[in-house]
Amino acid sequence: MQLIDPTQFHSSSWDGSQAPVVNLVLPCYNEEAVLHETAGRLGALLDGLKAEGLIASASAAYYVDDGSRDGTWALIETLARERSDVCGLKLSRNRGHQNALLCGLMSISGDALISLDADLQDDLSIIPDMIRAFRNGDEVVYAVRRRRDADSFFKRFTAEGYYTALAMMGVEVVFNHADYRLLGRRPLEALRSYGETHLFLRGMVPQLGYRSSIVTFDRAERFAGESKYPLSKMLSLAWRGVTSFSAAPLRVITGLGMLVSLVSVAFGLWALFISLFTSMALPGWASTVIPMYLLGGIQLLSLGVIGEYLAKVYEAGKARPRFHVEAITGGWPGANTDR
Ligand code: UDP
Ligand code: MG
């Protein structure tokens, strides 16, 4: 058993003796249209926070290029040359938003790390409040969308329905929170010990525990460029959220099996009664064919759901690295390990 060394143990991520090093991490995929503006605003924000003494001068912005095919990486390299508090890392190919984010969470040190999108939809003006909450002892600070006016009706409707469905399945998520959050050193280290292949960070973080709080913001429209989350990617992330955190779909199959069996028994008894005690003929082919198709459908669906869970075991068994690093700039720390 490993005992806790009391001299090494702090009750929070940051000992409060001096301004904390708070870093920012932004996954970027084909974001050349917006990155210049984002970097300008983040640079000004960092300068202001450092001048105010809210964060240490070693704080920096970290850009993870998720295998972009446009000029994103060239832009990050230029930014890193212009400012000493900009670092960049390029993944060997597009691995998806969650893996790009994980790459940042795995390697960036400091007292706290704030993850945010590169398209300026996440309101930067709440960052000082998030840092204040951290300085007051909260080790996880969730940025939660107050209104989603900037999103289409479809996106709003499906997203809110999804959060409700997750909650009904017993998955602990923060309603209307995506991946805009601050993590202190301890939750960050805890997160690093998770080896899941298919990440759903907004489900993993609430599981970690630690003292947390919420800061609300209004989600703006994307500053420039297009969404990198088409419906297919959104559905895949949503399904990943369900299957990584809940066995509810498997239980639904069990429930469905029980229901169909009960209905069949009732139907059988009714048929027996008709043939034994009445002179009526049993109704014809529809009562045979429709349940056959229905059952066929239910069985295929159930096999599919079970297969999805099996695929998760298969992926976990392979335990392949979740990303490979191709290049770094501006002195990105600890980036020589692929995970
Ligand atoms: N992103 C990424 N890899 C991807 C898709 C998206 O790194 O494969 C980044 C993207 O550059 C942005 C963030 O993830 O910084 C959120 O993506 P986006 O704004 O397109 O999603 P939406 O806000 O439309 O849901
Ligand atoms: Mg966006």
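Residues numbered from 1 in each chain as written. Chains lettered and ligands numbered in written order. Predicted model: local features only at pLDDT ≥ 70, side-chain atom pairs only at ≥ 80, totals over all residues.

The name that an unreviewed UniProt entry assigns to the protein is Glycosyltransferase family 2 protein, with the source organism given as Roseateles agri. Among the UniProt annotations of the protein, the heading Subcellular location (unreviewed entry) holds the following wording: "Membrane". (UniProt positions renumbered as here; feature names shortened; annotations may be inferred.)

(A) Geometry of the overall build of the protein. Along the backbone of the protein there are ten helices and eight strands. Over its C-alpha trace the protein gives a radius of gyration of 25 Å, far above what one expects of a compact globule, namely 20 Å for 339 residues. Projected onto the principal axes, the alpha-carbon positions of the protein cover approximately 95 × 50 × 40 Å. When burial is assessed residue by residue, the protein has 32% of its 339 residues classed as buried. (Helix = DSSP H or I, 4+ residues; strand = E, 2+ residues; numbered from the N terminus. Rg over C-alpha atoms; globule rule 2.2 N^0.38 Å. Buried ≥ 20, exposed ≤ 12 C-beta atoms within 10 Å, placed from the backbone.)

(B) Representation of the UniProt feature "transmembrane region" (unreviewed entry) in the protein in the model. In the UniProt entry, the feature "transmembrane region" (unreviewed entry) is given for residues 256-278 and 290-311. End C-alpha to end C-alpha, residues 256-278 measures 32 Å, and it is 96% helix and 0% strand. Taken end to end, residues 290-311 is 100% helix and 0% strand, and its first and last C-alpha atoms sit 31 Å apart.

(C) Fine view of the packing of helix 1 (residues 32-52) against helix 2 (residues 72-82). At a minimum axis separation of 9 Å, helix 1 and helix 2 run at an interaxial angle of 20 degrees. Relative to helix 2, helix 1 is oriented roughly parallel. Of the two elements, helix 1 crosses helix 2, and the hand of that crossing is right-handed. Across the interface between the two elements, Glu 32, Leu 35, His 36 and Ala 39 from helix 1 touch Thr 72, Leu 75 and Leu 79 from helix 2. In terms of residue class, the contact of helix 1 with helix 2 is built from four nonpolar, two polar and one charged. (Axes fitted to C-alpha atoms, helices over the stretch in contact; angles between N-to-C directions. Parallel < 35°, antiparallel > 145°, perpendicular 65-115°, else oblique. Left-handed = near helix turned anticlockwise from the far one by under 90°. Contact = placed C-beta atoms within 7 Å. Nonpolar A, V, L, I, M, F, W, Y, C, P; charged D, E, K, R; others polar.)

(D) How the structure looks around the domain arrangement of the protein. Per the domain assignment, the segments making up the protein are domain 1 (6-246 + 321-329) and domain 2 (248-318). Taking the mean C-alpha position of each, domain 1 and domain 2 sit 44 Å from one another. With six residues of domain 1 in contact, the opposing surface of domain 2 contributes seven residues. Of the residues assigned to the side of domain 1 that touches domain 2, the class counts are two nonpolar, four polar and no charged. (Domains from an automatic or database assignment.)

(E) Expanded view of the environment of Ser 213. On the secondary structure map, Ser 213 appears in strand 7 (residues 212-218). Aside from chain neighbours lying at most four places away, what touches Ser 213 is Ala 133, Asp 138 and Val 141.

(F) Region of interest: the site of ligand 1. Around ligand 1 lies a shell of 17 residues, among which Pro 27, Tyr 29, Ala 118, Ser 227 and Lys 228 are the nearest. Elements represented by at least two residues in the shell around ligand 1 include exactly strand 1 (22-28) and helix 3 (97-107). Its residues placed into classes, the shell around ligand 1 shows six nonpolar, five polar and six charged. (Near = placed C-beta within 6 Å.)

(G) Here's a closer look at the sheet that holds strand 3 (residues 86-91). With mixed pairing, eight strands are arranged side by side in an open sheet as 7-5-6-4-1-2-3-8. Each of the sheet's edge strands pairs with one partner strand only, and the pair in question is strand 7 and strand 8 (325-329). Here the average twist between neighbouring strands, direction ignored, is 20 degrees. Pairing between strand 3 and strand 8: four bridges, direction antiparallel. Across the sheet, residue Leu 89 finds its bridge partner in strand 8, namely Ile 328. (Pairing = 2+ DSSP bridges.)

(H) Quick look at unusual backbone geometry. Here the phi dihedral of Asn 176 falls at roughly 60 degrees; this positive angle occurs in a residue that is not glycine. Topologically, Asn 176 is positioned in the loop between helix 5 (153-168) and strand 6 (177-184).

(I) Structural detail: the nonpolar core. One finds Tyr 62, Val 64, Ile 114 and Met 130 to be the most contacted residues of the largest nonpolar core, which totals 60 residues. Residue contacts for Ile 114: discarding those within four places in its chain leaves Val 22, Leu 24, Ile 127, Met 130 and Leu 182. (Core = buried A, V, L, I, M, F, W, Y, C linked by C-beta atoms within 7 Å.)

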